Each structure stands twice: as C-alpha cells, then as structure tokens.
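Inside the fold
Below, each chain spelled out in residue letters.
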Amino acid sequence: MENNLQIFMESGLLDRYILGTTTPNENLEVESYIAEFPEVKVEYERLQDNLEILAKANSVEAPKYILNAVMKEITEDAPVIRMHSSPTHKRTPWFSIAASIAAFVFGSTAFMLYEQNMSLHHENQVVVEEIFDLRSDIEDNNQRLENVMLQFMKLNNPETEKYVLRGNSRAKDLKTVAYINAVDKTSMIDVVSLPKLPENQTYQIWAELQDRMVNLGILDESERKLKTIPYMEDALGLSITIEQNVGSKINKAHAENSVAEITLKNN
C-alpha cells in the first residue's frame, strides 16, 4: 500500500487534478486517495493554497484606457450583445459523494431498524396479551380452587349433616345428596344422577315446613356439581318433584308429583 501511495504522489496526478485536466476516472482515483490518506489530503490543500497564491501574484491590473473604453461603450446606444457562457462541468467533491453514500446508508439502516422495531413491538404486544390471558386463567383457577376448598371445608365440618335422596319407582336412577349445616345455616346439594325427562318437565326441590312447602330451585342434570341452595330454618324434610316446565320455579308442590323425599334431623 505504501508503494502505491508513493507511485501516486510521484505521478503528478494530484497536480493535474488541481488544474482540472484529469479525466472522470482519474478524478475518482484522486478523490479516493484524498479520502483515505491524510498525507494526500494535506498535499491537496497545500497545492490549492499555492494555486491561489500564484493566481494572485500573476494578476495584472488593467490599463486605465481599457476601463474608459468600456465605460464609453456602455453609455453609447450600441446594441448589447448577450454573451452565453459555456456551461462548466464541476467535479463532484469527494466529500459530497461520501455524504450521499452516508445518507443512503443511514436512511436504509433507519428504515431497517424501524421495521425491526415494529416487528418487536408486535411480538411484545402478543406476549403481553398472552401473559394477560394466562394471568386471567390463573386468577379464574385460583377462584375455582378457593370455592372448592370452601365447599370441602363445609362438607367436612362436623356440624354438616349428609342426606341422600333416592328416587322412587317413577325415577329409579335419581340420586342426589344434600349437605345441611344448622350452625352455619348453609345448604348444598350434589346432583349425582337424574333420569332424563321430556322437555316440558323439570325436577324441582322443596323444603317441607310445618305449614307449607317452599321451592328451593330447579335441578338440572347438566349441573352435576355441588351447588348452594337456600337454607330453610325449621325445615322438617326435603323432597324432589317432577313439575311442568314453565321457565321458572313454581310456588306450589303437588304430592302426587314427588319422586324422592327425606326427613331432616331436628336441629
């Protein structure tokens, strides 16, 4: 590389570049050396300074009679002839080329980084949504687990009485289990099995009081889980009947519709 630099410095190419007599290819070569080698840049600046000094030293003041003749021509009505200067082709300085390349590289890099940033933003958003869904699932599971634990504690409470209701001949496969705690005043029922009924009929559970029957809700085979039912103070027994489906609980039980019943222990 040092040998190439020495050959270039001794070739006179830099001098011709200063005088503007180099070809376009030679211009590129000179500008690349100026950009790459500090010593070439220093020599280039020195030659420019020398050229400017030389131009000033060799400048000749125009004779006064020439100035007078020019002024005379201007003041006379002689037609003015417009001189069209021939276009000059300026060399593109090496730093302009470098700046253009740098701007292009910068723009391309900025666009690429923008695309990557948008992609990462989208991925982060997806991850955040997945974390949010996972957290929601965890909270739901924790809530269900807490409910199960509460139910488990109620079932295992020594004060909780367990009653099994089995179906009669009209509903042989019916089986439900009631859990009643007179101390906490809570009642739960577990639907184990319910024979299928026509669509216009439903199973309903009742609490038998001294003077009346109170509807505690509708039993549905699709709800085969432990669920809470209203606690009735001083209830004498529980019964399950088959009633016509009217879309809600009915207020009066019919003895002939009973398919399961039990007597509760005295509280």
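Above this note sits the structure.
The following refers to the structure shown. Per chain, the residues get numbers from 1 upward, laid out in the order the sequence is written. It should be noted that, the model being predicted, local features are given only for residues of pLDDT at least 70 and side-chain atom pairs only at 80 or more, the latter also being counted only at that level, while totals for whole chains, interfaces and linings use all residues. Hydrogens and water molecules were not included; the side-chain quantities draw on all heavy atoms of the structure.

Here's the deal with the overall build of the protein
Rule in force here: Strands are runs of DSSP state E lasting at least two residues, helices are runs of H or I lasting at least four, and both sets are numbered from the N terminus onward. Classification of residues uses two cut-offs on accessible area relative to the type maximum, computed with a 1.4 Å probe and protein chains only: under 20% is buried, over 50% is exposed, and between them is partly exposed. Contacts are assigned to residue pairs with any non-hydrogen atoms lying within 4.5 Å of each other. Surface accessibility follows the Shrake-Rupley procedure with a 1.4 Å probe radius. Residue values consider only the protein chains on display as shielding.
Assigned secondary structure in the protein consists of 6 helices and 8 strands. Reading the helices (α) and strands (β) of the protein from amino to carboxyl end gives α-α-α-α-α-α-β-β-β-β-β-β-β-β. For the protein, with 267 residues in total, the buried portion stands at 25%. A separation of at least 24 residues holds for 59% of the contacts in the protein among residues at least 6 apart in sequence. Carbon and sulfur atoms provide 56% of the accessible area of the protein, an area that totals close to 19900 Å².

Examining a negative patch on the surface
Rules: Nonpolar side chains (Val, Leu, Ile, Met, Phe, Trp, Tyr) within 5 Å and like charges within 9 Å form the patches, drawn only from residues with over 30% relative accessible area and no salt bridge. When a carboxyl oxygen of Asp or Glu is within 4 Å of a side-chain nitrogen of Lys or Arg, the pair counts as a salt bridge. Neither His nor the chain ends contribute to the count of charged residues, in which Lys and Arg are positive and Asp and Glu negative. All charge positions are set by atom: Lys at NZ, Arg at CZ, Asp at CG, Glu at CD.
Among the surface-exposed residues, Glu 129, Glu 130, Asp 133, Asp 137, Glu 139 and Asp 140 lie close enough to one another that they form a single negatively charged patch. By the element assignment, Asp 137 lies in helix α6 (residues 94-155). Classification of Asp 137 by relative accessible area gives partly exposed; the value is 42%.

A closer look at helix α3 (residues 24-36)
Working note: α-helix, 3.6 residues per turn, so residues spaced by three or four point in the same direction. Going by this rule: Here, expected helix span is obtained from the residue count minus one, scaled by 1.5 Å. This arc describes the spread of directions from the helix axis toward the C-beta atoms.
The end-to-end C-alpha distance of α3 is 18 Å, a good match for the 18 Å that 13 residues give at a rise of 1.5 Å each. When we look at burial in α3, the residues that qualify are Asn 27, Val 30, Glu 31, Tyr 33 and Ile 34. Looking down the long axis of α3, one finds its buried residues gathered within 160° of arc, a one-sided arrangement. Among the exposed residues of α3, those oriented more than 90 degrees off its buried face are Asn 25, Leu 28 and Glu 36.

Some words on the sheet that holds strand β6 (residues 226-229)
In a beta sheet, neighbouring strands pair by backbone hydrogen bonds and run either parallel or antiparallel. Operational definition: Strand pairing is assigned whenever DSSP detects at least two bridges linking the two strands. With axes taken as lines fitted to C-alpha atoms, and helix axes fitted only over the stretch in contact, angles between N-to-C directions fall between 0 and 180 degrees.
Judged by pairing direction, the sheet is antiparallel, and its 4 strands sit side by side in the order β1-β2-β3-β6 without closing on themselves. Looking along the sheet, the strands with just one partner apiece sit at the ends: β1 (160-166) and β6. Sheet twist, expressed as the average angle between the axes of neighbouring strands with direction ignored, equals 25°.

Examining the sheet that holds strand β8 (residues 258-263)
Read from one edge to the other, the open sheet built from 4 strands follows the order β5-β4-β7-β8, with strand pairing classed as antiparallel. For this open sheet the edge positions go to β5 (213-219) and β8, each flanked by a neighbour on one side alone. Each neighbouring strand pair of the sheet contributes to a mean axis angle of 25°, computed without reference to strand direction. When strand β4 (residues 201-208) meets strand β7 (residues 237-244), the two strands line up antiparallel, connected through 8 bridges. Bridge pairing links Gln 204 to Thr 241 in β7.

No statement about biological role is implied by the geometric values presented.
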